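Structural features, examined
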Amino acid sequence: MEAPQHDRHECDAAVSLAFSILGKRWNGMIIDALGDGPLAFAEVRRAVSGISDAVLSDRLAELAEAKLVSRTVAPGPPVSVSYALTVGGEQLVPVLADLGKWASANLTPAPRRD
């Protein structure tokens, strides 16, 4: 019995697509922060220290467009917005944890250039 053929180009395209989203600064941290459950915008900002409001807003919109994060608006007053991981986003949490473990064991951080 022959082993199934692996379409390398298809795999490369899928990995490239994943890293086009996950490789952006802050996105992994946002997904990790939402891993424990839905958070309001200000709670996400507190969990991801150092991110500006504008960048956080952009990243949340990108993650929502990629269907990794959902945005829920509760009518007010006051109106409240919360963000949560979708099923696809939840599936990423252990993958990112494993990637972090692998990186810690196998990669050396580049020296800082101050």
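Before any of the text, the structure's been laid out above.
Okay, so let's go over this structure. What you are looking at is a predicted structure, and each value in this text was computed from that prediction instead of being measured. (Residues numbered from 1 in each chain as written. Predicted model: local features only at pLDDT ≥ 70, side-chain atom pairs only at ≥ 80, totals over all residues. Heavy atoms only, no water.)

Some points on the nonpolar core
This is how it is decided: In plain words, nonpolar cores are sets of buried Ala, Val, Leu, Ile, Met, Phe, Trp, Tyr and Cys residues tied together by side-chain atoms within 4.5 Å. A simple rule labels every residue: compare its accessible area, found with a 1.4 Å probe on the protein chains alone, to the largest value its type can have, and call it buried under 20%, exposed over 50%, or partly exposed in between. By definition, residues are in contact when any of their heavy atoms lie within 4.5 Å.
Ranked by size, the top nonpolar core spans 17 residues in total, and within it Ile 30, Leu 34, Val 44, Val 48 and Val 69 carry the most contacts. Residue contacts for Leu 34: discarding those within four places in its chain leaves Leu 39, Val 44, Val 69, Tyr 83 and Leu 85.

Points about a nonpolar patch on the surface
Under the convention used in this document: What goes into a patch is any residue over 30% in relative accessible area without a salt bridge, connected to like charges within 9 Å or, for nonpolar side chains (Val, Leu, Ile, Met, Phe, Trp, Tyr), within 5 Å. Each accessible area value is a Shrake-Rupley result obtained with a 1.4 Å probe; residue values ignore everything except the protein chains displayed when judging cover. A pair is scored as a salt bridge if a Lys or Arg side-chain nitrogen falls within 4 Å of a carboxyl oxygen belonging to Asp or Glu. Put simply, DSSP marks the helices as runs of H or I at least four residues long and the strands as runs of E at least two long, and each gets a number from the N terminus on.
A surface patch of nonpolar side chains, about 480 Å² in accessible area, is lined by Val 15, Phe 19, Leu 99, Trp 102 and Leu 107. Those elements that place two or more of their residues in the nonpolar patch are α1 (8–22) and α5 (87–106). Note that Val 15 resides in helix α1. In this structure Val 15 comes out as partly exposed when scored by relative accessible area, which is 39%.

A short note on unusual backbone geometry
Among all residues save glycine, negative phi is the norm, and among peptide bonds the norm is trans. Even without being glycine, Trp 26 reaches a positive phi, approximately 85°. Notably, Lys 67 is not glycine yet its phi reads approximately 65°, a positive angle.

Overview of the pairing of strand β2 (residues 69–74)
Look at any regular strand and the pattern is simple: side chains alternate between the two faces of the sheet. This is how the line gets drawn: What makes two strands pair is DSSP finding at least two bridges between them.
Sheet analysis places β2 next to strand β3 (residues 80–85), joined by six bridges and oriented antiparallel. Its bridge partner being in β3, Arg 71 is matched across the sheet by Tyr 83. Counting the residues that bridge the hairpin from β2 to β3 gives five residues.

Structural notes on the pattern of salt bridges
Tallying each qualifying case throughout the model produces three salt bridges. Between Glu 62 and Arg 59 there is a salt bridge, with the nearest N and O atoms lying 3.8 Å from each other. Taken together, the positions of Glu 62 and Arg 59, both in helix α4 (residues 53–65) and three residues apart, correspond to about one turn of that helix. Given a relative accessible area of 26%, Glu 62 falls into the partly exposed group. Through salt bridges with shared partners, a single ionic network connects Lys 24, Arg 59 and Glu 62.

What to know about α4
Our working definition: The span expected for a helix works out to 1.5 Å for each residue beyond the first. The arc under discussion is defined with respect to the helix axis, by the directions toward the C-beta atoms.
Look at α4: 18 Å from first C-alpha to last across 13 residues, which is about the 18 Å you get at 1.5 Å a residue. Residues of α4 that are buried include every one of Leu 56, Arg 59, Leu 60 and Leu 63, and no others. Buried positions in α4, seen along its axis, are confined to an arc of 100° and lie on one side of it. Along α4, the residues that are exposed and aim more than 90 degrees away from the buried face are Ala 54 and Glu 65. Directly beyond the C-terminal end of α4, a positive phi value near 65° is found at Lys 67.

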